[in-house]
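Chain by chain, the residues run as shown.
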Amino acid sequence: LKTQLKESNDELANAVKARDEATQRVKILESREVLEKKLAESKLPDALVKRVRGQFKDRIAEDAAIEEAVNDARELVKDLSAEVKVEGVKETKDMIEESSDADADLLFKVLGVKEGDA
């Protein structure tokens, strides 16, 4: 009788452990589903999506934690975008115009067209 009771207790313990592991896996999958939905809606660059996804790999996460991570990534994009300055556009445009003028002058010269004739 003692042996049967011990075996029953062991079976029960194993069943509880299996249930807990299954529950854990389900919660991880649910967290992953929420994460993927939030990332799809975020329109973040791929590198940041990968980074945020890595933060929650194989773990249970509260919706608020996922939302916070996505918002932090958005702020990072915003901050980085604000720091980007476009410089040298006018100088590049001037170089192209000068180059075009020089190319046109060379073409006219090769064709034998004089400046007044063009």
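You'll find the structure just up there.
Residues numbered from 1 in each chain as written. Predicted model: local features only at pLDDT ≥ 70, side-chain atom pairs only at ≥ 80, totals over all residues. Heavy atoms only, no water.

On to the overall build of the protein. A count of helical and extended segments in the protein gives 4 helices and 0 strands. Its helices and strands in sequence order give the protein the pattern α-α-α-α, from N to C terminus. Classification of the 118 residues of the protein by burial places 13% in the buried group. For the protein, long-range pairs separated by at least 24 residues make up 64% of all intrachain contacts whose partners lie at least 6 apart in sequence. Looking at the protein as shown, the accessible area adds up to about 10100 Å², and 54% of this sits on carbon and sulfur atoms. (Helix = DSSP H or I, 4+ residues; strand = E, 2+ residues; numbered from the N terminus. Buried < 20%, exposed > 50% of the residue type's maximum accessible area, 1.4 Å probe, protein only. Contact = heavy atoms within 4.5 Å. Areas by Shrake-Rupley, 256 points an atom, 1.4 Å probe, with all protein chains shown as cover.)

Residues Glu 68, Asp 72, Glu 75 and Asp 79 make up a contiguous surface patch of negative charge. For Glu 75, the position within the fold is in helix H3 (residues 63-83). (Patch = residues over 30% accessible without salt bridge, like charges linked within 9 Å, V, L, I, M, F, W, Y side chains within 5 Å. Salt bridge = Lys/Arg side-chain N within 4 Å of Asp/Glu carboxyl O. Lys, Arg positive; Asp, Glu negative; His and termini not counted. Charge placed at Lys NZ, Arg CZ, Asp CG, Glu CD.)

Here we come to helix H2 (residues 46-55). An α-helical turn contains 3.6 residues, so a residue and the one three or four places further along point in the same direction. Restricting attention to buried positions, one finds in H2 the residues Leu 48, Val 49 and Val 52. For H2, the arc enclosing every buried residue in end-on projection is 105 degrees, short of the 170-degree limit, so these residues lie on one face. In H2, the exposed positions angled more than 90 degrees off the buried face are occupied by Asp 46, Ala 47, Lys 50 and Arg 51. (Arc of directions from axis to C-beta.)

For the rest of this paragraph, the subject is the nonpolar core. Of all hydrophobic cores here, the largest spans 12 residues; its members are Leu 35, Leu 39, Leu 44, Leu 48, Val 49, Val 52, Phe 56, Ala 61, Ile 66, Ala 69, Val 70 and Ala 73. Of all the secondary-structure elements, those providing two or more residues to this core are helix H1 (2-42), H2 and H3. Setting aside residues no more than four positions away along its own chain, Ile 66 makes contact with Ser 31, Val 34, Leu 35, Lys 38, Phe 56 and Ala 61. (Core = buried A, V, L, I, M, F, W, Y, C linked by side-chain atoms within 4.5 Å.)

This part covers the side chain of Ser 42. Turning to its location among the elements, Ser 42 is positioned in helix H1. Other than its neighbours up to four places away in sequence, Ser 42 contacts Val 70 and Arg 74.

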